[in-house]
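# Residue-level structure breakdown
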Amino acid sequence: LCRITQLSSTLWHMHKTATMKFFFAATFLATAAAFSPAPQGNAGTALYGGNPGDYFAGPSLEFTGGTDPNNKNIKKGSLEERLAEADTERRKAREAAEARERAAEIAREERLRKIAYMNEMPDNQPAGTVDEFMFKEGVQDQLDKLDRDLVGLIPVKSRVKEIAALLVLDKMRRKLGFETSVPSLHMSFTGAPGTGKTTVAVRMGQILAKMGYARRGHVVLATRDDLVGQYVGHTAPKTKEMIKKAMGGLLLVDEAYYLYNAANDRDYGQESIEILLNVMENNKDDLVVAVAGYKDRMDTFFSYIPGFASRIGNHIDFPNYGADELVEIAAVMSRDLEYHLSPDALPVFKQYIEMRMNLPYFSNARTVRNAMDRARMNAAIRLYDTYAIQGVNGGNITPEELMSITGQDFQVLVDDIVYADASKRIFA
């Protein structure tokens, strides 16, 4: 009984203690709730906002790359793709090595054939005559055309003939099996406008084609606008496109000094020059590069880019024409156009040329061409006024009159210089 009484007393104290703890906890929670801010909307935070049956339907925890800076060094793709890429690189390297071996083998075979040919060749084997090669290859025909098309320019024609002679003798050496190498055929044409630089370039391209030093022999004329781009990454494609067009022939860069701008270090022309220098060195057997422009400006350009001058083996200077030579050029132009200059036309034209040579912007043969065009127009006006307006001879014009340019037609140009204002004489 005593033990039962003690057990009951213990249980009562435990109950009393638990009741007091519960009371104090409830009081604390009530006080905290009283001083907390009012809830806004649903205050609870759901661990999953979907339907209870879709707990396993969401995306799994996947690695998305993170911010590890070493991620860019990790090759993407499957193991099979990386192995295929490695096989491709090895195949390209193997093919390049095989190509070099084939080229070396072809060179060795060519040299052995040459040695065998020279050993079997008799000592009195004729090499042929220079005239035979000149006419057989059509070189003499191109030189004759150059003489017919260009009046004067004796130093230029002599230089072109020297280059042709070098090519002919080089081909004769090859016929006998001697060692030969492609000479430096890059050229520099310096001179005033209208002195025949483009005409000589065309003839040189045809001579190179006849001699087998150019596959096609065509001439591609380029300026800065054709080679230099307007923004970063635009110059290289433009320059390479012009080079691609000129491959197998001659690329004539007119006024080449505009490619380099010394006042602007960021000018894109420097990139074009570097590409041209590389092509002139590595593709000289398939492309001839000729640069043209005023002599003083070209000398300055070469001083800025010494690598350009050193790669050019033929510097040709085109002198200005004299008055008598320009009169002869006018006669050649009239012949090509099937016109006839009357005897009184030549003295008047020479007077005009002598006066025009003392005015600015004189352009040699181009000025003659413009004068001939104006004389033809004046002749047309004269004939129209005589036969169409005045009705002379019933309006019938003879063929001789249609082919004639008289001194009266050139006198209009002289009067324009004599009577025009000083500021307008350059347009005469």
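Residues numbered from 1 in each chain as written. Predicted model: local features only at pLDDT ≥ 70, side-chain atom pairs only at ≥ 80, totals over all residues. Heavy atoms only, no water.

## Overview of the overall build of the protein
Regarding its fold elements, the protein presents 16 helices and 7 strands. The proportion of buried residues among the 428 residues of the protein is 33%. Considering only residue pairs separated by 6 or more positions, the protein has 76% of its internal contacts joining residues 24 or more positions apart. On the protein, roughly 27,700 Å² of surface is accessible, and the fraction owed to carbon and sulfur atoms is 56%. (Helix = DSSP H or I, 4+ residues; strand = E, 2+ residues; numbered from the N terminus. Buried < 20%, exposed > 50% of the residue type's maximum accessible area, 1.4 Å probe, protein only. Contact = heavy atoms within 4.5 Å. Areas by Shrake-Rupley, 256 points an atom, 1.4 Å probe, with all protein chains shown as cover.)

## Re the nonpolar core
Of all hydrophobic cores here, the largest spans 56 residues; its most connected members are Phe189, Val200, Phe349 and Phe410. When residues in this core are grouped by element, the largest group, 7 residues, is from helix 5 (residues 154–175). Setting aside residues up to four positions removed in sequence, Val200 forms contacts with Leu146, Leu150, Val156, Val160, Phe189 and Phe318. If you look at the next biggest cluster of nonpolar residues, it comprises 29 residues, including Ala246, Met247, Leu251 and Val291. (Core = buried A, V, L, I, M, F, W, Y, C linked by side-chain atoms within 4.5 Å.)

## As for the pairing of strand 2 (residues 219–222)
Of the two faces of strand 2, the one lined by Val220 and Ala222 is fully buried and the one lined by Val219 and Leu221 carries no buried residue. Sheet analysis places strand 2 next to strand 3 (residues 250–254), joined by 4 bridges and oriented parallel. Looking at strand 3, one finds that Val219 is bridged to Leu250. (Pairing = 2+ DSSP bridges.)

## With respect to a nonpolar patch on the surface
Judged by side-chain polarity, Ile397, Leu402 and Met403 come together as a nonpolar surface patch covering roughly 250 Å² of accessible area. Mapped onto the fold, Leu402 is located in helix 15 (residues 399–402). For Leu402, a relative accessible area of 49% gives the class partly exposed. (Patch = residues over 30% accessible without salt bridge, like charges linked within 9 Å, V, L, I, M, F, W, Y side chains within 5 Å. Salt bridge = Lys/Arg side-chain N within 4 Å of Asp/Glu carboxyl O.)

## Quick notes on the environment of Ser342
Residue placement: Ser342 occurs in the loop between strand 6 (340–341) and helix 13 (345–356). Relative accessible area serves as the criterion here: at 12%, Ser342 is assigned to the buried category. Each C-alpha atom of the pair Ser342 and Gly407 lies 7.2 Å from the other, and the pair is 65 residues apart in sequence. Residues within four places of Ser342 in sequence aside, it is in contact with Ile405, Thr406 and Gly407. At 2.4 Å, the side chain of Ser342 forms a polar contact with the side chain of Asp344. (Polar contact = N/O pair within 3.5 Å; in protein donor to acceptor, adjacent residues only side chain to side chain.)

## Some points on the sheet that holds strand 4 (residues 288–293)
If you trace the 5 strands from one edge of the open sheet to the other, you get 2-3-4-1-5, paired in parallel fashion. A single partner strand is all that each edge strand has here, and the edge strands are strand 2 and strand 5 (314–318). The average undirected angle you get between the axes of adjacent strands in this sheet is 20°. Note: strand 1 (residues 187–191) against strand 5, 5 bridges, orientation parallel. (Axes fitted to C-alpha atoms, helices over the stretch in contact; angles between N-to-C directions.)

## Some remarks on the packing of aromatic side chains
Considering all chains together, one arrives at 7 aromatic pairs under this definition. Ring geometry for Tyr260 against Tyr304: centres 5.2 Å apart, planes inclined by 35°, an arrangement best described as tilted. One end of the pair, Tyr260, is in the loop between strand 3 and helix 9 (269–282); the other, Tyr304, is in helix 10 (residues 295–304), with 44 residues separating them in the sequence. Pairing Phe301 with Phe308 gives two aromatic rings, centres 5.4 Å apart and planes at 55°, and the pair type is tilted. Here Phe301 falls in the buried class, since its relative accessible area comes to 2%. What makes Phe308 buried here is its relative accessible area of 1%. Here the aromatic cluster, defined as three or more aromatic residues joined through ring pairs, consists of Phe301, Phe302 and Phe308. (Phe/Tyr/Trp six-rings, centres within 6.5 Å; stacked < 30°, edge-to-face > 60°.)

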